[in-house]
Amino acid sequence: MRVTKKIKQEQLAILERLYRGAKPELVFGNAFELLIAVILSAQCTDKRVNVTTARLFQKAATPEAILALGLAQLEEEIRDCGLFRNKAKNIMAACQMLCEQYGGEVPADFEALQSLPGVGRKTANVVMSVAFHQPAIAVDTHVFRIANRLKLATGKTPLEVEHGLQKAIPREKWSDAHHWLIWHGRKICKARKPLCTECPLAPVCPSSEPA
DNA sequence: ATCCCGAGGG
DNA sequence: CCCTCTGGAT
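- Naming follows an unreviewed UniProt entry, where chain A appears as Endonuclease III of Selenomonas caprae.
- According to its UniProt record, chain A has this under Catalytic activity (unreviewed entry): "2'-deoxyribonucleotide-(2'-deoxyribose 5'-phosphate)-2'-deoxyribonucleotide-DNA = a 3'-end 2'-deoxyribonucleotide-(2,3-dehydro-2,3-deoxyribose 5'-phosphate)-DNA + a 5'-end 5'-phospho-2'-deoxyribonucleoside-DNA + H(+)".

**Some details on the UniProt feature "binding site: [4Fe-4S] cluster" (unreviewed entry) in chain A**
Then step 1. Following the UniProt record, the feature "binding site: [4Fe-4S] cluster" (unreviewed entry) maps to Cys189, Cys196, Cys199 and Cys205 here. For the annotated residues, spread through 17 residues, the largest C-alpha to C-alpha distance comes to 10.9 Å, consistent with a single compact locus.
Then step 2. Of the residues examined, Cys189 reaches a relative accessible area of 11% and is grouped as buried.
Then step 3. Examined against the element boundaries, Cys205 turns out to sit in the segment after helix 11 (174–187).
Then step 4. Ignoring anything within four residues of it in the chain, the contact list for Cys205 reads Met1, Gln11, Arg149 and Leu150.

**Some details on the domain arrangement of chain A**
Then step 1. When its domains are assigned, chain A resolves into domain 1 (5–23 + 137–204) and domain 2 (31–131).
Then step 2. Computed over C-alpha atoms, the centres of domain 1 and domain 2 are 27 Å apart.
Then step 3. Tallying the contact residues gives 11 residues for domain 1 and seven residues for domain 2.
Then step 4. Taken over both partners, the interface formed by domain 1 and domain 2 buries close to 580 Å², and the fraction arising from carbon and sulfur atoms is 48%.

**Examining the environment of Cys44**
Then step 1. Topologically, Cys44 is positioned in the loop between helix 2 (31–40) and helix 3 (46–59).
Then step 2. A relative accessible area of 17% places Cys44 in the buried class.

**So, the protein's contact with DNA strand C**
Then step 1. Every residue lining DNA strand C is accounted for by Gln43, Cys44, Arg48, Arg79, Asp80, Gly82, Leu83, Phe84, Arg85 and Asn86.
Then step 2. Within 4 Å of the protein, the contacting atoms of DNA strand C are drawn from sugar and phosphate to the extent of 59%.
Then step 3. Residue Gln43 places a main-chain N or O atom 2.7 Å away from a base nitrogen belonging to DNA strand C.
Then step 4. Interatomic distance of 2.6 Å between a side-chain N/O atom of Arg48 and a phosphate oxygen of DNA strand C.
Then step 5. Here the surface near DNA strand C gets three residues from one element, more than from any other, and that element is helix 6 (residues 84–101).
Then step 6. Each residue belonging to the surface near DNA strand C can be placed in one class, and the counts come to three nonpolar, three polar and four charged.

**Some details on helix 11**
Then step 1. Along its 14 residues, helix 11 runs 20 Å from first to last C-alpha, staying within 8% of the 20 Å computed at 1.5 Å per residue.
Then step 2. Most of helix 11 is tucked away, with 11 of its 14 residues classed as buried.
Then step 3. Burial in helix 11 covers these residues: Trp174, Ser175, Ala177, His178, His179, Trp180, Leu181, Ile182, Trp183, His184 and Gly185.
Then step 4. Its buried side turned inward, helix 11 meets helix 1 (5–19), helix 8 (121–131), helix 9 (141–150) and helix 10 (158–168).

**Thoughts on the UniProt feature "domain: HhH-GPD" (unreviewed entry) in chain A**
Then step 1. Within this numbering scheme, the UniProt entry marks residues 40–187 as carrying the feature "domain: HhH-GPD" (unreviewed entry).
Then step 2. As annotated, residues 40–187 has a helix share of 67% and a strand share of 0%, and its two end C-alpha atoms lie 22 Å apart.

**Focus on the protein's contact with DNA strand B**
Then step 1. Taken together, 21 residues sit near DNA strand B, with Gly118, Thr123, His142, Arg186 and Arg192 positioned nearest.
Then step 2. In the model, a phosphate oxygen of DNA strand B is placed 3.3 Å from a nitrogen or oxygen of the Arg186 side chain.
Then step 3. Arg192 is positioned such that a nitrogen or oxygen atom in its side chain is 2.3 Å from a phosphate oxygen of DNA strand B.
Then step 4. At the level of secondary structure, the elements contributing two or more residues to the surface near DNA strand B comprise helix 8, helix 9 and helix 11.
Then step 5. Looking at side-chain class alone, the surface near DNA strand B contains eight nonpolar, seven polar and six charged residues.

Quick notes on the rules
- Residues numbered from 1 in each chain as written.
- Chains lettered and ligands numbered in written order.
- Predicted model: local features only at pLDDT ≥ 70, side-chain atom pairs only at ≥ 80, totals over all residues.
- Heavy atoms only, no water.
- UniProt positions renumbered as here; feature names shortened; annotations may be inferred.
- Buried < 20%, exposed > 50% of the residue type's maximum accessible area, 1.4 Å probe, protein only.
- Helix = DSSP H or I, 4+ residues; strand = E, 2+ residues; numbered from the N terminus.
- Contact = heavy atoms within 4.5 Å.
- Domains from an automatic or database assignment.
- Buried area = accessible area lost by both parts, 1.4 Å probe.
- Near = heavy atom within 4 Å.
- Polar contact = N/O pair within 3.5 Å; in protein donor to acceptor, adjacent residues only side chain to side chain.
- Nonpolar A, V, L, I, M, F, W, Y, C, P; charged D, E, K, R; others polar.
- Expected span 1.5 Å × (residues − 1).

In structure tokens, the structure reads:
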């Protein structure tokens, strides 16, 4: 199947219809809480992150408070999210930078966000999009896989796919489309055994395989 | 067994 | 570019 511009538009229309109103499952009250939640969400379910952050933010919900908590205590708080030593170290360093360079506030700036320890391109895009309502497409493992399978945007790296998606999707829908692709990846277009037979996009998907 | 909304280091 | 870090869910 050759995926023309027209087919891409059909793919997006179906995704929008399927996942309209999809939003992040992560619970947060402000940009800082979202930032921490997204860092914790790597290799961890959102539900688990929500349990952890509810407990954590009760004790420490600002960069200052988390610094005061100390590394060892933070590790204990976030242990069951996985990768906890790396995440704790990065969060501590990020909080220190937020306090020293950004007045204790999360900067609404992509480059500044990405310069924080533990914050890469994907996390910075999520924060810009969800907390600051800027058009952005965060390319995580799902978005990368689905975009390539649909040939909505192809590429060997998340950055290439991000740029491809920016061309294929109208700017005002970037943030929403990110969530459509996530949910499609979770529910149907799974990494190992995609459920092609029950996928509404099968007729417009070059990777769809019949049962 | 296999996957979960990654990032940093070698 | 590949490796490592990690517990929980299914």
